Amino acid sequence: QYLNIMHDGKFSDELEIAELGASLYEKKADSFTENYVKDNNAKTAIPTPRDIYILKGTRTKEYRTKVIEATMSVSDTLAVSRSYGTSLTIYLTAVLIHAIHSVMDVKNSTRPINIHIPVNLRNFFYSKTSRNFFANMEISFTFKTGNETLEDTIAYLNDAFVENLKEENAQLLL
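Residues numbered from 1 in each chain as written. Predicted model: local features only at pLDDT ≥ 70, side-chain atom pairs only at ≥ 80, totals over all residues. Heavy atoms only, no water.

A.B. asks: I tried to follow the packing of aromatic side chains on my own but got confused; where do I start?
C.D. replies: Each pair of aromatic rings is reported with the distance of its centres and the angle of its planes. Summed over all chains, the structure comprises 3 aromatic pairs. Ring centres 5.6 Å apart and planes at 25° place the aromatic pair Tyr-84 and Tyr-91 in the stacked group. On the basis of relative accessible area, Tyr-91 is assigned to the buried category, the value being 13%. Measuring from ring centre to ring centre gives 5.0 Å for Phe-141 and Phe-143, while their planes differ by 85°; the resulting arrangement is edge-to-face. For the residue pair Phe-141 and Phe-143, the accessibility class agrees, reading buried in each case. Among the aromatic residues, those joined into a cluster by ring pairs are Phe-141, Phe-143 and Tyr-156. Over the ring of Tyr-63 we find Arg-59; its NZ or CZ atom is 4.8 Å from the centre of that ring. (Phe/Tyr/Trp six-rings, centres within 6.5 Å; stacked < 30°, edge-to-face > 60°. Buried < 20%, exposed > 50% of the residue type's maximum accessible area, 1.4 Å probe, protein only. Lys NZ or Arg CZ within 6 Å of the ring centre and 35° of its normal.)

A.B. asks: Explain the packing of helix α5 (residues 88-103) against helix α6 (residues 150-164) here, please?
C.D. replies: Any two packed helices are characterised by how steeply their axes cross, that is the angle between the axes, and by the distance between the axes. Packing of α5 against α6 leaves a shortest axis separation of 9 Å and a crossing angle of 125°. Relative to α6, the element α5 lies oblique. The chirality of how α5 crosses α6 is right-handed. Packed against α5, whose contacting residues are Thr-89, Ile-90, Tyr-91, Thr-93, Ala-94, Val-95, Ile-97 and His-98, the element α6 presents Leu-150, Thr-153, Ile-154, Leu-157, Asn-158 and Phe-161 at the interface. Its residues placed into classes, the contact of α5 with α6 shows 9 nonpolar, 5 polar and no charged. (Axes fitted to C-alpha atoms, helices over the stretch in contact; angles between N-to-C directions. Helix = DSSP H or I, 4+ residues; strand = E, 2+ residues; numbered from the N terminus. Parallel < 35°, antiparallel > 145°, perpendicular 65-115°, else oblique. Left-handed = near helix turned anticlockwise from the far one by under 90°. Contact = heavy atoms within 4.5 Å. Nonpolar A, V, L, I, M, F, W, Y, C, P; charged D, E, K, R; others polar.)

By themselves, these observations are geometric and do not establish any function.
What follows is the structure, given as structure tokens:
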């Protein structure tokens, strides 16, 4: 578009932008920032732990990912989760995983997506504290084919939640 603006549309019929199955994020990505390596002798970037996908985007001053917040009817959302035969937490986790996958670029689309879910530890340990008593359970989901449905993700999460939330595994959450 820059060439067309600067040259009164002279190139409009000659330029085509290749789609190549690129996601919206990939289309808006800053390739310089993504490919710049300060050390000219470096051959590859240092891999992230377990090669997980790291959500890109604008950060707040506290380095938190900016997200869009919305409100919705709990009863309506719960009804939808029940129609999938699952809990509200598992349904919302599956929706979040699919939302993240929808903005992943093609080359990263098979990287695991890790989600940390707060777990009320009062269900496993005796406590009278008025403070929060929770830990985060880590769930990892990988889109192996890219054709996984919301139902596939929910089935995986149901099994993962059951396994992670067994009483004998509660100590591992601490």
